[in-house]
Amino acid sequence: MEIVGLKLPLIKEGDDIAKMIVENFDVENGDVIAICSTVVSKAEGRIARLEDYSPSDRAIEIAEKIGEDARFVQAVLDESDERPGAKYYKWELKGVPIRFEIGPKEAENGEVVVSFRDERKKFSVAFDEINDDTILRWAKELKERLKVRAIENAKSKIVICNSVDEVAETVESRRVALVYVCEDCERELENYGSVLGKMEEKSEWLDVNLEGTCVVCGGKGYLVGVAKTY
Ligand SMILES: [Zn+2]
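Values in this document were obtained by computation on a predicted structure and should not be read as measured data.

**Here we look at the confidence of the model for the chain**
- Model confidence for the chain is summarised by a mean pLDDT of 88, while 98% of its residues fall at 70 or above.
- Looking over the chain, one finds the lowest element-wise mean pLDDT in helix α5 (residues 84–94), namely 74, and the highest in strand β5 (residues 176–181), namely 96.

**A few points about unusual backbone geometry**
- In the Ramachandran plot, Arg174 falls in the positive-phi region, its phi being about 60° despite a non-glycine side chain.
- Within the secondary structure, Arg174 sits in the loop between α8 (164–172) and β5.

**Description of the nonpolar core**
- Within the largest apolar cluster, 17 residues are counted, with the highest numbers of intra-cluster contacts made by Val167, Val179, Val181, Leu189, Val224 and Val226.
- Grouped together as the second largest cluster of nonpolar side chains are six residues, Ile98, Phe116, Val125 and Trp138 included.

**Notes on the coordination of the zinc ion**
- Protein coordination at the zinc ion comes from Cys182 (SG), Cys185 (SG), Cys214 (SG) and Cys217 (SG), with a distance range of 2.3 Å.
- Taken together, the four donor atoms surrounding the zinc ion define angles of 99 to 118° at the centre, an arrangement classified as tetrahedral.
- The sequence motif formed by the donor residues of the zinc ion is C-x2-C-x28-C-x2-C. The same class applies to Cys182 as to Cys185, namely buried.

**Focus: the sheet that holds strand β3 (residues 122–126)**
- Read from one edge to the other, the open sheet built from three strands follows the order β1-β2-β3, with strand pairing classed as antiparallel. Each edge of the sheet is formed by a strand with only one pairing partner; in this case those strands are β1 (98–101) and β3. For this sheet the average axis-to-axis angle between neighbouring strands, irrespective of direction, equals 35°.
- The pairing of β1 with strand β2 (residues 111–116) spans four bridges and is antiparallel. Counterpart to Glu101 in the pairing with β2 is Val113.

**A few points about the pattern of salt bridges**
- Across all of its chains, the model carries 13 salt bridges by this definition.
- Here Lys12 makes a salt bridge to Asp15, at a shortest N to O gap of 3.5 Å.
- By relative accessible area, which is 54% here, Lys12 ends up exposed.
- Where Glu61 meets Lys65, a salt bridge forms, and the shortest distance between an N and an O atom there is 3.8 Å. Linking Glu61 with Lys65, this pair stays in helix α3 (residues 57–66), spanning four residues, or about one helical turn.
- We classify Lys65 as exposed; its relative accessible area is 68%.
- Salt bridges sharing partners connect three or more residues here, namely Asp118, Glu119, Lys121, Arg145 and Arg149.

Calculation criteria
- Residues numbered from 1 in each chain as written.
- Predicted model: local features only at pLDDT ≥ 70, side-chain atom pairs only at ≥ 80, totals over all residues.
- Heavy atoms only, no water.
- pLDDT = per-residue confidence, 0-100.
- Helix = DSSP H or I, 4+ residues; strand = E, 2+ residues; numbered from the N terminus.
- Core = buried A, V, L, I, M, F, W, Y, C linked by side-chain atoms within 4.5 Å.
- Buried < 20%, exposed > 50% of the residue type's maximum accessible area, 1.4 Å probe, protein only.
- Donors = N, O, S within 2.8 Å, 3.2 Å for Na, K, Ca; no water.
- Tetrahedral: all angles 85-135°; square planar, octahedral: opposite > 155°, others 65-115°.
- Pairing = 2+ DSSP bridges.
- Axes fitted to C-alpha atoms, helices over the stretch in contact; angles between N-to-C directions.
- Salt bridge = Lys/Arg side-chain N within 4 Å of Asp/Glu carboxyl O.

Structure follows, in structure tokens:
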């Protein structure tokens with residue numbers, strides 16, 4: 001093993017360290033390149049001045065324990081689990097339906113960034129525009145979107161079948177077959193999946209009659225669901 005020091009020019013913000021290394025040195029397959037974190041932070045422009053930090057009580061407490069500058073501890077805290085990204089992620093995981101994000105930039109502009117759980121887009125709104133009415137309206141719209149999506153999802157999993165073969169195919173593709181059958185022929189459908197029983201009522205979004213022609217014998221039938229159960 002051989003250790004070689006790589007001498008690069010002073011790194012400034014925006015520099016592509018990987019590119020600089022490859023262009024200035026003969027890197028071979030299997031080489032391990034160690035880069036100091038200080039250099040990476042310089043290239044990423046992530047330089048902060050300690051004077052800019054006013055340490056929180058928590059930072060002061062930690063600093064006393066470990067004998068560090070409390071402002072430095074605050075900088076570390078800001079960059080670690082208290083990063084905005086991590087905060088957003090945490091609340092996203094909790095499933096908060098409407099999320100407001102306010103950073104220094106938003107605070108300065110009198111704005112707040114709004115994000116809905118069900119949509120990937122974000123948008124800015126002025127502080128004064130946020131009131132009970134706005135939030136209630138957003139909540140109603142969100143609920144409506146969720147409902148529409150749930151119905152679409154349910155619809156995509158339901159197939160109205162006109163033959164036993166269709167029932168077999170539908171059940172096999174892990175969807176629910178809706179089919180007419182008579183009492184005498186219901187057992188026949190058990191060969192393809194579990195018969196979920198006679199449908200006494202249906203959801204308004206389901207465009208189907210509750211009675212029809214038995215798919216097996218052609219007699220008078222009623223609607224049943226057939227699906228794989230686990
Ligand atoms: Zn029948």
